Amino acid sequence: MTRGKAPRQPARTGRQEGVRGSKVSPKRLRASESEKPHFSRPERARNGAPKPATAPRASARRSDGYDPLAPQRVGEILKRLDQVYPNVTCALTHSSAWELLVATILSAQSTDVNVNRVTPELFRKYPTVQAFAAITPEQLQPDVRSTGFFRNKSKSVVGAAKKIVADYGGEVPDEMEKLLTIPGVARKTANVVLGSWFKKADGVVVDTHVHRISRRLELTTNDDPQKIEQDLMRVIPREKWILFSHQIIWHGRKLCIARKPKCVECPLENLCHAADKTWSTVEMHPKAKA
């Protein structure tokens, strides 16, 4: 090193100069992925869930040798998420499976913070499933108006309560096939309830954060939530399905923010080639975007 000259450091704001056109060899990328964990093949999903691959997956390897779905790369992503978000849980406030079900229905097109402002008073006013089943959607609308789409949500919540009381004895079922018969419940809501309350990994929750960040990390190229879930179930070990979703959701709120990701602070930065990075030490891929 020439006397008096310090090595140039990457700028901490904006994109690093010249990085968009730079090339990073596969060897350099692999060098940063020091561990190659062994994952057992996920079990066959039940009750109509997307089926994890039982045959070798189609290669996502590029002509330059880079494979975004390489086990060592996926393993390193999971390892770093564990280090930053080791014990994260569902951000929706709840004390029962029913409260979690209601909160998840209300969270569609809303924020968890907003839902958490609404539900304490809601559950004080209607403390049981039977109390919700005894009212009309029109009666519920003023209580959930601030969460948006309040007419449809009121109809779903009241319909869900009536179904649970009539068919399941007032108890939220703990099986995917039964949950999917409840008004307002699709796979995302069912996965939230099964994973966060019953601790059952029947699938992967795909909300807006998981949708966006999984595409940025090149864990999927699909845009449909059900297909994204299938892709994630193929590459993420089953024992990680529940925690992975929570970790990605928290990561999307804390660092990988949609409009302006904090790439300079991100623990996944040198494993991420997203096209819209605000700072990068690796080549960015045009197709790696939400």
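Located above this text is the structure these notes cover.
Residues numbered from 1 in each chain as written. Predicted model: local features only at pLDDT ≥ 70, side-chain atom pairs only at ≥ 80, totals over all residues. Heavy atoms only, no water.

(A) Expanded view of the overall build of the protein. For the protein, the count of helices and strands is twelve helices and zero strands. Along the protein, helices and strands appear, N-terminal first, in the series α-α-α-α-α-α-α-α-α-α-α-α. Residues counted as buried form 49% of the 290 residues belonging to the protein. Looking at the protein alone, contacts between residues at least 24 apart form 62% of all its contacts between residues at least 6 apart. Accessible surface, the protein as shown: approximately 15,300 Å² in total, 51% of it carbon and sulfur. (Helix = DSSP H or I, 4+ residues; strand = E, 2+ residues; numbered from the N terminus. Buried < 20%, exposed > 50% of the residue type's maximum accessible area, 1.4 Å probe, protein only. Contact = heavy atoms within 4.5 Å. Areas by Shrake-Rupley, 256 points an atom, 1.4 Å probe, with all protein chains shown as cover.)

(B) Layout of unusual backbone geometry. Notably, Q109 is not glycine yet its phi reads approximately 60°, a positive angle. Looking at the element boundaries, Q109 is found in the loop between α3 (97-106) and α4 (112-125). In this model, K199 sits at a positive phi of 60°, which is unusual for a non-glycine residue. Locating K199 in the fold gives a position in the loop between α9 (187-196) and α10 (208-216).

(C) Local environment of the side chain of D112. Positionally, D112 belongs in helix α4. Note on D112: relative accessible area 17%, which makes it buried.

(D) Highlighting the nonpolar core. Counting 37 residues, the largest nonpolar core has W98, L101, L122, F132, L140, V157 and V172 as the members making the most contacts within it. Elements supplying a minimum of two residues to this core: α3, α4, α5 (129-133), α6 (137-144), α7 (150-167), α8 (176-179) and α9. Per-element tally for this core: the top contributor is α3, with eight residues. Setting aside anything within four residues of it in sequence, one finds L140 in contact with L122, Y126, F132, I135, S154, V157 and V158. In this structure, L81, Y85, A201 and I213 belong to the second largest nonpolar core, which totals 30 residues. (Core = buried A, V, L, I, M, F, W, Y, C linked by side-chain atoms within 4.5 Å.)

(E) Structural detail: the packing of aromatic side chains. Summed over all chains, the structure comprises three aromatic pairs. Both rings, one in Y126 and one in F132, keep their centres 5.3 Å apart while their planes meet at 45°; by these two values the pair is tilted. Look at Y126 and you get buried, because its relative accessible area is 10%. We classify F132 as buried; its relative accessible area is 0%. (Phe/Tyr/Trp six-rings, centres within 6.5 Å; stacked < 30°, edge-to-face > 60°.)

(F) Looking closely at the environment of C90. Within the secondary structure, C90 sits in the loop between α2 (71-84) and α3. Through-space distance from the C-alpha of C90 to that of W197 is 9.3 Å; in sequence the pair is 107 residues apart. In this view, C90 contacts L100, S196 and H246; residues no more than four positions away in its chain are not counted.

In short, shape yes, function no, at least from these values alone.
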